[in-house]
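If you want the building blocks of each chain, they are given just below.
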Amino acid sequence: MNNEKKRTIWTPGMMLLSSFSIVTIILLLNLGATTLFDMDEPTYAQIAREIVKTGDWITLRFNGLPWFDKPPLFFWLIGASFKLFGFNEFAVRLPSALAALGTLIITYLLGCAYFGNQRQGIKTMLITAGCLQFYVIARLAVVDMLLTFFITLAIYSFVLWRQGKKNAILLSYVAMALATMTKGPVGAIIPAAVIIIYLAQQHRLRDILKMKPLSGLLIYFLLAAPWYLAEYNLYGKVFIDEFFGHRTFTRYLQPLEQQSGPIYFYIVFLLIGLFPWSLFLPSAITASIKNRRDPLPLIWAGFIFLFFTGAATKLPNYMLPLYPALALTIAGIWPESNPLDIRGQRRAYGGAIALIAASALLTWGIFWLAHNKLDQAVATEQIKRILPVLMILPAGFSISCLAAALRREGAIIYKGITLTALSFITLLGLLIFPALNATKPLPELAAEAATLLGNDEPIYSYEMFNASITYYSERRMLRVKSLQEVSKALQHRENMLMLVKQINYDAFPTHIKDSFETAASEGNILLLKEIPK
C-alpha cells in the first residue's frame, strides 16, 4: 500500500519539476562569484557595455573600434542583462546560463519524443546537465551555449514535423535564423545538413518539398539578413572581408590564433567534456546501431564531429552542439529496469575499477597542471580545495557499480552516476571556480588603474592584449610592443599608466625603469605609474 502511494506521488511530472529545479539551482549558484576569464568573457562583456554606453545596437565595438568577429544576438542579450542587473559578472553570464536551461528543456522534450516516455526524457536531460563541459560553458559568457540552444531547437522542431505537427517546421527556420544571428552561417549549416543527411538516409529527400521551403527561406532571411545588410551598407567590403572572409571561411581553412590541433583533437576533448558519460559512449553507440534505433542522434553528432574535425581551427567549444545528441544515444542504454545476469555483474565490477582508474587519471592531470602551470604557492592552495571535490568521483562511481552488481540491477549505475556528476559540478561552482580568482591578477590591477586615471585617459599594456584590462579599467587599452613605443609614449603623455609582466620589466633599460614607479602589483604583473617630470 505504501509503495503504491509512493509511486503515485512520485509521478513523471514531479520527477521533471524536481530535476529541473535542482539543475537550475546548480547552474545559477555562484554564477557571478569569479571575475571574467580572458580572452572571450571580458571581450564580450566589453562589447556589450559599449553597446549600452553608446546606444549603437548595430555595429559591435571593442576598445572603441568596430568588431566584426561575431553577429550581435548574444551581445544584445548581455546588453539587456546589463540594463536589468547592472555591470557585473552575473549579468554577463546570465544569457549563457539561461540558454543552457533552455537547451535542457528542449533536450527533455527530444528525449520524450525519441523514446516515447517522460522518464527517458528526464534521463536525457540529466545526462546532458551532468556533462563536465556543458556545465562549464553554461557558466561562461561565450556564444556556444546560445548556438547550441538554437541548433537543438531547430532539430527538435524537425522531429515534431516528422511526427505530424506540420507547422512545427516553421519554428526550425526561426531557430536557424537566430543561430545565424548568434554565430554566423554555421548556425544554419549544421541543422540543415543534419536534416538533409537524415532524410537521405531514410530515402525521403522528397520530403524537403513538404517542409514549406519557400516560407522557411522567407522567415530565415527576414530574421537573419537585416543586420548583415545594415553592416554591409555601413562598412561595405571591409565587413565582408573581415566577417565572412577572415573570421568564417579562413577560420575553417586555416588555423587562426594558434588554435590548431591533430586529427584526434576532438576525441580527446569529448572524453573530457562528456565526462563521466563519455565512459559509456562506445557501448551506447554500439547498442544504438545493433538495435536499429532511429539514426537521427548519431547523424547529428557524427556530422558535427566530422565537420569540425575537418576545420583547420579547432576549439573544444565547437563540440557543444552535439551533446544533446550524445545524451539521447547514452540514455538509450539505461531503461527504467535493467536486471543484470552474471555477465552483467562482471561488467559492473569491471566498470567500478575502470571508473576509479579514469578518476585517478583525471586527478593526476589536474595535479600536473597545477604544479607545472601555476605558481607553487597558488598550486598548493588550489590542490587543498580540489582534492576533496575529486574524491567524490571515484567514491560515487565505484559505489554505484558495486551496488548495481550486488543488487543485480543495472539502472542503479545510471542513478548513482547522475547523482555523483551533479554533486561534482555543484562543488566545482562552489569551491573551485571562486578559487581561480587567485590566478587572475589583471582584473584587480585594471580596477586599481581606473582610480588613477581620468575618464578619457587610456591605459597602456606592454606586450599584453588581455581584454580584462579594458573591461575592468573601463578605459581604452593601448598596446605597446617595443621599448621604442614606450619611450615615444613617455614623451607625448603625462600620468602614463602601464601594465607589464615582471619578466619584461626586468629587461627594461635603466632610463625607462627610472621613468616609472610601481603603483601596484599582483602575482607577476606590475602596474607602473609615470613619475612626474
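For the structure, see preceding data.
Residues numbered from 1 in each chain as written. Predicted model: local features only at pLDDT ≥ 70, side-chain atom pairs only at ≥ 80, totals over all residues. Heavy atoms only, no water.

(A) Spotlight on the pattern of salt bridges. Applying the stated criterion to the full structure yields nine salt bridges. Its salt-bridge partner being Arg93, residue Glu41 comes within 2.8 Å of it at the nearest N-O pair. With a gap of 52 residues between them, Glu41 in helix α3 (residues 40–54) and Arg93 in helix α5 (residues 89–115) connect regions that are remote in the sequence. Since its relative accessible area comes to 1%, Arg93 is described here as buried. When the shortest N-O distance is used, the salt bridge between Asp144 and Lys183 registers 2.8 Å. Of this pair, Asp144 sits in helix α8 (residues 144–162) while Lys183 sits in helix α9 (residues 168–183), and the two are 39 residues apart along the sequence. Residues participating in the shared-partner salt-bridge network are Arg162, Arg204, Asp207 and Lys210. (Salt bridge = Lys/Arg side-chain N within 4 Å of Asp/Glu carboxyl O. Helix = DSSP H or I, 4+ residues; strand = E, 2+ residues; numbered from the N terminus. Buried < 20%, exposed > 50% of the residue type's maximum accessible area, 1.4 Å probe, protein only.)

(B) Molecular detail of the packing of aromatic side chains. Enumeration according to the criterion identifies 35 aromatic pairs in this entry. Ring geometry for Phe265 versus Tyr266: centroids 5.0 Å apart, planes at 85 degrees, classification edge-to-face. Seen in terms of ring centroids, Phe308 and Tyr318 are 5.0 Å apart; in terms of plane orientation they differ by 35 degrees. Their pairing is tilted. Of this pair, Phe308 sits in helix α15 (residues 296–309) while Tyr318 sits in the loop between α15 and α16 (323–331); the two residues are ten residues apart in sequence, bridging distant segments of the chain. Each member of the pair, Phe308 as well as Tyr318, carries the same accessibility label: buried. (Phe/Tyr/Trp six-rings, centres within 6.5 Å; stacked < 30°, edge-to-face > 60°.)

(C) Geometry of the packing of α15 against α16. Remark: α15 packs on α16, axes separated minimally by 8 Å, with the N-to-C direction vectors making an angle of 140 degrees. The element α15 and its partner α16 pack so that their crossing is left-handed. Here α15 contributes Pro297, Leu298, Trp300 and Ala301 to the contact with α16, which in turn contributes Pro324, Ala325, Leu326, Leu328 and Thr329. Considering only residue class, the contact of α15 with α16 consists of eight nonpolar, one polar and no charged. (Axes fitted to C-alpha atoms, helices over the stretch in contact; angles between N-to-C directions. Left-handed = near helix turned anticlockwise from the far one by under 90°. Contact = heavy atoms within 4.5 Å. Nonpolar A, V, L, I, M, F, W, Y, C, P; charged D, E, K, R; others polar.)

(D) Seen up close, the sheet that holds strand β4 (residues 477–480). In spatial order, the strands read β4-β3-β5-β7-β6; together these five strands make up an open sheet with mixed pairing. With one partner strand each, in any of the chains shown, β4 and β6 (516–522) form the two edges of the open sheet. Averaged over all pairs of adjacent strands, the angle between their axes in this sheet comes to 30 degrees, without regard to strand direction. Pairing analysis gives five bridges linking strand β5 (residues 497–501) to strand β7 (residues 525–530), with the strands arranged antiparallel. Paired with Leu497 across the two strands is Lys529, which belongs to β7. (Pairing = 2+ DSSP bridges.)

(E) Focus on the nonpolar core. Counting 128 residues, the largest nonpolar core has Tyr44, Trp277, Trp300, Phe308 and Trp334 as the members making the most contacts within it. In terms of residue count, the dominant contributor to this core is α8 (14 residues). Ala489, Phe508, Phe516 and Leu528 belong to the second-largest nonpolar core, a separate cluster that totals 15 residues. (Core = buried A, V, L, I, M, F, W, Y, C linked by side-chain atoms within 4.5 Å.)

(F) Seen up close, the packing of α3 against helix α4 (residues 73–85). Contact geometry of α3 with α4 gives a least axis separation of 8 Å together with a crossing angle of 65 degrees. Taken together, the axis directions place α3 and α4 in an arrangement best described as roughly perpendicular. Handedness of the α3/α4 crossing: right-handed. Between α3, through Tyr44, Ala45, Ile47, Ala48, Arg49, Ile51 and Val52, and α4, the contact on the second element is made entirely by Phe74, Phe75, Trp76, Ile78, Gly79, Phe82 and Lys83. Class assignment of the residues belonging to the contact of α3 with α4 gives a composition of eleven nonpolar, one polar and two charged. (Parallel < 35°, antiparallel > 145°, perpendicular 65-115°, else oblique.)

(G) Region of interest: the pairing of β4. In the sheet, strand β3 (residues 459–462) pairs with β4 via four bridges, with the strands oriented parallel. When the sheet's bridge partners are listed, Tyr462 is paired in β4 with Val480. Once you follow β3 into helix α21 (residues 467–473) and on to β4, the crossover reads as right-handed. (Right-handed = clockwise from strand over helix to strand, strands pointing away.)

(H) Highlighting unusual backbone geometry. Looking along the chain, the bond that leaves Asp38 and enters Met39 is cis, with omega of 0 degrees. The omega torsion across Phe275 and Pro276 is 10 degrees, close enough to zero to call that bond cis. Notably, Asn30 is not glycine yet its phi reads approximately 60 degrees, a positive angle. By the secondary structure assignment, Asn30 is in the loop between α2 (12–28) and α3. Of note in this structure, Glu474 is not a glycine but carries a positive phi near 55 degrees.

All we've got here are geometric facts, nothing functional implied.
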